[in-house]
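Observations on the three-dimensional arrangement
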Amino acid sequence: MSRLVMKFGGTSVANVDRIKNVARHVKREVEAGYQVAVVVSAMSGKTNELVAWCKEAAPFHDQAEYDAVVASGEQVTAGLLAVVLNSMGLKARSWQGWQVPILTDDAHSVARIADIPSTNLDAAFAAGEVAVIAGFQGIHQATNRITTLGRGGSDTSAVAIAAAIHAERCDIYTDVDGVYTTDPRIVPKARRLDKVGFEEMLEMASLGSKVLQVRSVELSMVHGVRTYVRSSFDDPGNPQTGTLICDEEEIVEKQVVTGIAFSKDEAQVSIRAVADKPGVAAAIFGPLAEANINVDMIVQNVSSDGATTDITFTCPGADLERAQRVLMDARHTVGFKALETASDVVKVSCIGVGMRSHAGVAAKAFQALAEKGINIRAITTSEIKFSVLIDAAYTELAARTLHSLYGLDKVG
Ligand code: ADP
Ligand code: ASP
Ligand code: MG
């Protein structure tokens, strides 16, 4: 029998009524003859609440205990969905990460899946059961501790399980009916894509399109899992197929720019009057790397006096305070005059494999943003994307401007 993984995100399981609706989608696939593994997220808002409780309990807390707390949201929805499925006459049981087991490393709060032995799930399918699995969580076997996979990690649970059980497909059900050219909540003219290539989806996810967790796209690419993003809000009796994440070769209609992503979780740090001599960049970025701070855009000015220069970089907003502390500690070795920071910034990125063969794509964007009076604080480019850092107040204007500029607006 063919197998299927169906994943439902937070909004799709936000209350018992929504869970009943999810159960109807599951029933349809069971009746179509599939052996089904369902992966669920916590009810929307629940994980945020659990994270906030950890911070309230102690601002700096043990990450293993953080995992014990935040993994609980998924336990509730998995149990509830199994209850509802049973009440509809379907055989089903809930599975927590450790019961499957979903084996991970010990990087608490950002763990990576190492292996998913399929024996237990095989037995459940053989017994005619739907396996309802708590997403986001796993176990580090050597320490016997619960782990979580990073925010948005249920997507990754789903794709990894699909690979482990050799599922024909992994359907990621969410609150939009597919992957769009950009976040449809910000740009109403965003267009739904029937297909999107792995590489572009990886870039979109890592540059802020939270519709899929980056790691889930990586796994789907590496293991060749056919993954669709589709809506749980469709009529369970008449669902649409959504967006397929696939090899670039499968895509007929090609644009230079496929999508626009933005990330508000950015902070800018400018180091003023740093000595312009060899070794300074190492003295700055070495300690930041040791502190596990992910530095992204880096801009260094050419020195005007031959003696000092300015260096600007960005890092995740959540790491800003730590970055400041690390730099102040290194101040005597680096030698600089002042540190300036800003967190009201956003990184807007344009992504498209067509950029490989087209020149001047980014230049067009700089011109268009200038015409709207939007100042660019920093720029980075790579083979299939470029990003600009701008004031957060201009997020929507910039996204809409670039969306129209590259011909992505939906017609009508
Ligand atoms: P879930 O709880 O189902 O995992 P998420 O909130 O994590 O859902 O992801 C879905 C959201 O991602 C959508 O509501 C949408 O606002 C946002 N999003 C951002 N970029 C895109 C995009 N390019 N296409 C579709 N949705 C996007
Ligand atoms: N509930 C977790 C989160 O909010 C995992 C997920 O929804 O994918 O990050
Ligand atoms: Mg999500």
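If you're wondering where the values come from, they're calculated on a predicted model, not measured in any experiment.

Turning to the sheet that holds strand β14 (residues 298-300), a few remarks are in order. Read across the open sheet, the six strands follow the order β14-β15-β13-β16-β18-β17; overall the sheet is antiparallel. Unpaired on one side and paired on the other, β14 and β17 (378-382) mark the two borders of the sheet. In this sheet, adjacent strand axes meet at a mean angle of 25 degrees when their direction is disregarded. Strand direction decides the pairing type here: β17 and strand β18 (residues 385-391), joined by five bridges, are antiparallel. Note on β18: the bridge partner recorded for I379 is V388. Across the sheet, helix α13 (residues 395-405) lies against β13 (259-275), β16 (338-351) and β18, angled at about 120 degrees from β13, the strand it touches most.

α13 packs onto helix α12 (residues 361-371) with a crossing angle of 130 degrees between their chain directions and a minimal axis gap of 10 Å. Put simply, α12 runs oblique to α13. Of the two possible hands of crossing, α12 and α13 adopt the one that is right-handed. For the pair formed by α12 and α13, the contact residues are K364, A365, A368 and L369 on the first element and A398, T401, L402 and L405 on the second. Class assignment for the residues of the contact of α12 with α13 results in six nonpolar, one polar and one charged.

We now examine the site of ligand 1. Taken together, the neighbourhood of ligand 1 is formed by 17 residues, with T174, D175, Y180, D183 and R185 sitting nearest. Within the backbone of G10, a nitrogen or oxygen atom sits 3.0 Å from an oxygen atom of ligand 1. Contact between ligand 1 and D175: an oxygen atom at 2.8 Å from a side-chain N or O atom of the residue. Look at ligand 1: alone it shows 570 Å² of surface, and the protein chains cover 89% of it. Residues that form the shell around ligand 1 fall into these classes: six nonpolar, six polar and five charged.

Attention now moves to the site of ligand 2. In the vicinity of ligand 2, the residues found are S41, A42, T47, E74, F136, R151, G152, G153 and S154. Measuring from an oxygen atom of ligand 2, one finds a side-chain N or O atom of S41 at 3.1 Å. G152 places a main-chain nitrogen or oxygen 2.8 Å from an oxygen atom of ligand 2. Bound to the protein, ligand 2 loses 86% of the 260 Å² it would expose on its own.

What follows covers the pattern of salt bridges. Tallied over the full model, the rule gives 23 salt bridges. Two residues, R3 and D122, come together in a salt bridge whose shortest N-O distance is 3.0 Å. One end of the pair, R3, is in strand β1 (residues 3-8); the other, D122, is in helix α5 (residues 119-126), and 119 residues separate them in sequence. Judged by its relative accessible area of 16%, R3 falls in the buried class. Owing to a relative accessible area of 29%, D122 belongs among the partly exposed residues under this scheme.

Attention now moves to the pairing of strand β2 (residues 35-40). For β2, a buried count of six out of six residues is recorded, marking the element as mostly surrounded by other parts of the structure. Residues Q35, A37 and V39 point to one face of β2 and V36, V38 and V40 to the other, with burial holding for every one of them. As paired strands, β1 and β2 are joined by six bridges and run parallel to one another. If you follow L4 over to β2, its bridge partner there is V36. Remark: the β1/helix α1 (residues 16-31)/β2 crossover connection has right-handed handedness. Pairing of β2 with strand β6 (residues 130-134) involves four bridges; the strand directions are parallel.

We now examine the environment of T333. Its place among the elements puts T333 in helix α11 (residues 331-334). A relative accessible area of 55% places T333 in the exposed class. A C-alpha to C-alpha distance of 6.9 Å links T333 and A283, two positions 50 residues apart in sequence.

Further remarks concern the packing of aromatic side chains. This structure, assessed with the given rule, holds three aromatic pairs. Between F8 and Y173, the aromatic rings sit 4.6 Å apart at their centres with planes inclined by 15 degrees, giving stacked as the arrangement. Taken together, the residues F8 in strand β1 and Y173 in strand β9 (residues 169-174) connect sequence positions 165 residues apart. The pair F8 / Y173 is uniform in exposure class, with both members buried. When the ring of F285 is compared with that of F313, the centres are 5.5 Å apart and the planes differ by 75 degrees; the resulting orientation is edge-to-face. One end of the pair, F285, is in helix α9 (residues 280-290); the other, F313, is in strand β15 (residues 308-316), and 28 residues separate them in sequence. Stacked on the ring of F233, the Lys or Arg R18 has its end atom at 3.8 Å from the ring centre. Sitting over the ring of W95, R93 keeps its end group 3.6 Å from the ring centre.

Definitions and cut-offs
Residues numbered from 1 in each chain as written. Chains lettered and ligands numbered in written order. Predicted model: local features only at pLDDT ≥ 70, side-chain atom pairs only at ≥ 80, totals over all residues. Heavy atoms only, no water. Pairing = 2+ DSSP bridges. Helix = DSSP H or I, 4+ residues; strand = E, 2+ residues; numbered from the N terminus. Axes fitted to C-alpha atoms, helices over the stretch in contact; angles between N-to-C directions. Contact = heavy atoms within 4.5 Å. Parallel < 35°, antiparallel > 145°, perpendicular 65-115°, else oblique. Left-handed = near helix turned anticlockwise from the far one by under 90°. Nonpolar A, V, L, I, M, F, W, Y, C, P; charged D, E, K, R; others polar. Near = heavy atom within 4 Å. Polar contact = N/O pair within 3.5 Å; in protein donor to acceptor, adjacent residues only side chain to side chain. Areas by Shrake-Rupley, 256 points an atom, 1.4 Å probe, with all protein chains shown as cover. Salt bridge = Lys/Arg side-chain N within 4 Å of Asp/Glu carboxyl O. Buried < 20%, exposed > 50% of the residue type's maximum accessible area, 1.4 Å probe, protein only. Right-handed = clockwise from strand over helix to strand, strands pointing away. Phe/Tyr/Trp six-rings, centres within 6.5 Å; stacked < 30°, edge-to-face > 60°. Lys NZ or Arg CZ within 6 Å of the ring centre and 35° of its normal.

The values are spatial; any link to function lies outside them.
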